[in-house]
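Remarks on the overall topology
Letter by letter, the chains look like this.
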Amino acid sequence: MQVVTTISYKSIVNGAYTKGMNAKRGMRQGDPISLMLFVLVMEYLHRKLKDLSRIPNFNFHSKCEKLKLVDMSFDDDRLLFTRGDVISVQLVMDRFKSFFEATGLVVNPNKCKLYCGNIDDGTVQQITNITGLTSGVLPFSYAGRIRLINSVIFSTTNFWLQCIPLPKDVIRRIEALCRTFLWTGKGIMSRKALIAWSKVCEPKSQGGLNVVDLARWNKVCLIKLLWNLCRKADSLWVRWVHTNYMKDERVMVVPIKNSCSWILKEILKTIQEVEGLNQWQQVVKNDVFKTKKFYYSLVEAKSKVPWRKLMYENEASPRALFTLWMSCNKRIGTKDRLSKFGMISEENCEFCPAKESLQHLFFECTTMKTIWTAVLEWMNILHSPQGWDKEMTWLLTSCNKKGWRSTVLKTAFTETVYMCWLYRNTSVYKNTGARSNDISGIENDVIDRIVHRCWRNPKLREHVAPLLI
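As the structure is a computational prediction, the values presented were derived from the model and not from experiment. Every residue gets a number counted from 1 within its own chain, in the order that chain's sequence is written. Where local features are concerned, this predicted model is filtered to residues with pLDDT of at least 70; where side-chain atom pairs are given and counted, the filter is 80 or more; whole-chain, interface and lining totals use all residues. To get the side-chain values, take all heavy atoms of the structure and skip hydrogens and water.

Across the junction of Phe362 and Phe363, the peptide omega takes the value 0°, indicating a cis bond. Think of it this way: any DSSP run of H or I at least four residues long counts as a helix, any run of E at least two long counts as a strand, and we number them from the N terminus. Inspection of the secondary structure assignment puts Phe363 in helix 15 (residues 358–364). Unusually for a residue other than glycine, Glu313 sits at a positive phi of about 50°. Along the chain, Glu313 turns up in the loop between helix 12 (291–297) and helix 13 (318–328). Of note, Asn380 is a non-glycine position whose phi angle comes to about 60°, a positive value. Locating Asn380 in the fold gives a position in the loop between helix 16 (366–378) and helix 17 (388–398). Residue classification places Asn380 among the exposed residues on the basis of a relative accessible area of 64%. Here's how the labels work: a residue is buried when its accessible area is under 20% of the maximum for its type, exposed when over 50%, partly exposed in between, all with a 1.4 Å probe on protein chains only.

Structural data, given as structure tokens:
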């Protein structure tokens with residue numbers, strides 16, 4: 001430890017070194033040796049936690065037991081996993097106490113959170129007292145919840161949707177849970193929704209988020225089973241149905257008999273629905289049934305929203321895209337909307353005396369206009385921002401053609417709207433107000449986000465690189 005506490009630093013000023021400055025409190029983050037020292041110390045902590053597997057009273061987390069996993073590191077962050085019982089948590093804290101005594105490193109409770117699941121309130125309180133940490137909630141944004149709904153929840157229900165006709169009440173309850181989780185982040189049933197679930201399930205071209213409509217998907221899956229009865233003669237299930245129920249009758253004209261199972265009855269009921277569909281006449285002649293393609297062919301044809309182009313070929317982050325989607329649907333929580341619902345009485349903009357609305361905030365407001373103008377100047381675009389409606393008209397005209405310019409401009413606009421909305425919320429709810437140094441910092445943050453998002457696309461790198469010079 002002598003090397004750590006006796007080091008000194010020198011700086012280069014005008015090409016010459018300054019006098020050495022002693023680091024009385026040891027190394028700082030960024031010192032070349034700090035990375036190796038950090039790894040050595042964390043390895044010591046990892047080994048102490050790994051030894052818990054030898055203690056009979058210690059219980060692993062149910063999903064980590066086979067791997068005997070107790071801790072994981074991501075850069076300088078650390079995750080600990082254990083079963084939610086008092087003894088296991090106490091054993092982990094004892095290891096930490098030993099680690100503190102050896103290294104002098106103490107956990108900062110302000111930067112740590114305790115996440116519990118399926119544990120009663122009494123046990124949670126005991127664990128909180130042992131650790132000295134407060135309980136946290138997993139920080140899923142709206143965009144993160146949409147991804148969970150599309151991936152986890154849909155894939156879980158899709159297995160049953162492919163096999164059996166789910167009752168309408170079951171589908172309504174599943175959709176209600178998804179709707180509640182999207183808008184509240186909780187599993188407790190609620191009617192709160194900024195945008196109707198039917199709108200969320202519409203295609204992006206019609207102003208939705210393209211979330212699967214479970215009722216329609218279930219219907220398509222039943223139609224696929226009907227197609228199997230018509231086309232897949234090699235299937236054992238198809239042969240069994242034909243032998244016991246059809247008895248050499250054509251599938252499309254067979255009556256629904258009382259002896260049919262309830263699943264087969266629901267499959268045969270779809271005959272009346274598909275007989276007049278051109279899509280069915282085409283697919284029944286093919287050797288492959290494409291469920292997704294047939295699903296979209298059943299989507300009701302509606303007029304396309306003019307801003308649909310902004311949602312395609314846009315490299316912005318999912319959070320920024322969701323904020324843009326909310327803004328385009330004019331459901332973002334500006335003060336004029338909150339006032340209509342009686343939630344607030346004052347409607348003045350946080351940055352100027354005008355009434356806060358979507359039209360004013362993006363980008364009639366002087367503060368927000370300054371940020372968007374700075375981003376446009378960085379992109380070498382001469383344009384004077386105006387209100388939301390006129391800005392959208394200009395943007396759609398500018399992004400009418402395909403190419404890297406349209407992609408970068410759409411990404412820049414989306415990230416700017418997101419960062420401006422984030423800055424507005426911080427100013428309103430944390431009472432920080434508007435400061436000039438904040439505005440310049442936000443301008444740089446927006447540009448950094450644009451570069452980061454566009455740099456992920458190899459085709460855009462050569463066009464973004466000159467903007468950094």
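Relative to the assigned elements, Cys201 resides in the loop between helix 7 (197–200) and helix 8 (214–231). Taking the C-alpha atoms as reference points, Cys201 and Val211, separated by ten residues in sequence, lie 4.4 Å from one another. Excluding residues that lie within four positions of it along the chain, Cys201 makes contacts with Asn210, Val211, Val212 and Asp213. Residues count as neighbours in contact if any of their non-hydrogen atoms are within 4.5 Å of one another.

This part covers helix 3 (residues 86–103). Residue count minus one, scaled by 1.5 Å, sets the expected span of a helix. End to end, helix 3 covers 26 Å across 18 residues, agreeing with the expected 26 Å (1.5 Å per residue, within 8%). All buried positions along helix 3 are accounted for by Ser88, Val89, Leu91, Val92, Phe96 and Phe99. One face of helix 3 carries all of its buried residues, which in axial projection span an arc of 160°. Looking at helix 3, the residues exposed on the side facing more than 90 degrees away from the buried face are Lys97 and Glu101. Tucked into the core, helix 3 has its buried residues touching helix 2 (34–50), strand 6 (77–80) and helix 4 (121–131). Within two residues after helix 3, Gly104 carries a phi angle of roughly 80°, on the positive side. Directions from the helix axis toward the C-beta atoms define the arc.

Let us look at the pattern of salt bridges. Salt bridge, as used here, is a side-chain nitrogen of Lys or Arg placed within 4 Å of a carboxyl oxygen of Asp or Glu. Using the criterion set out here, one finds 15 salt bridges in the structure. For Asp71, the salt bridge identified is with Arg78, shortest N-O distance 2.4 Å. On the basis of relative accessibility, which here comes to 6%, the residue Asp71 falls in the buried class. For the salt bridge of Glu356 with Arg424, the shortest nitrogen-to-oxygen distance reads 2.6 Å. Highlighted residues: Glu356 in the loop between helix 14 (335–340) and helix 15 and Arg424 in helix 18 (residues 404–429), separated in sequence by 68 residues. Here Glu356 falls in the buried class, since its relative accessible area comes to 0%. Overlapping salt bridges, with partners in common, bring together Lys199, Glu202 and Lys302 in one network.

Our focus in this paragraph is the pairing of strand 6. We call two strands paired when DSSP finds no fewer than two bridges between them. In the sheet, strand 5 (residues 71–74) pairs with strand 6 via four bridges, with the strands oriented antiparallel. Within strand 6, the position partnered with Met72 by the bridge is Leu79. The hairpin formed by strand 5 and strand 6 contains two residues between the paired strands, and Asp75 there has a positive phi angle of roughly 55°.

What follows deals with helix 5 (residues 142–163). Between its first and last C-alpha, helix 5 extends 31 Å over 22 residues, near the 32 Å set by a 1.5 Å rise per residue. To get the bend at a residue, fit one axis to the 7 residues ending there and another to the 7 starting there, then take the angle between the axes. At Phe154, helix 5 shows its maximal kink, close to 40°. Listing the buried residues of helix 5 in full gives Ala143, Arg145, Ile146, Ile149, Phe154, Thr157, Asn158 and Leu161. Buried positions along helix 5 lie against helix 6 (168–184), helix 7, helix 8 and helix 13.

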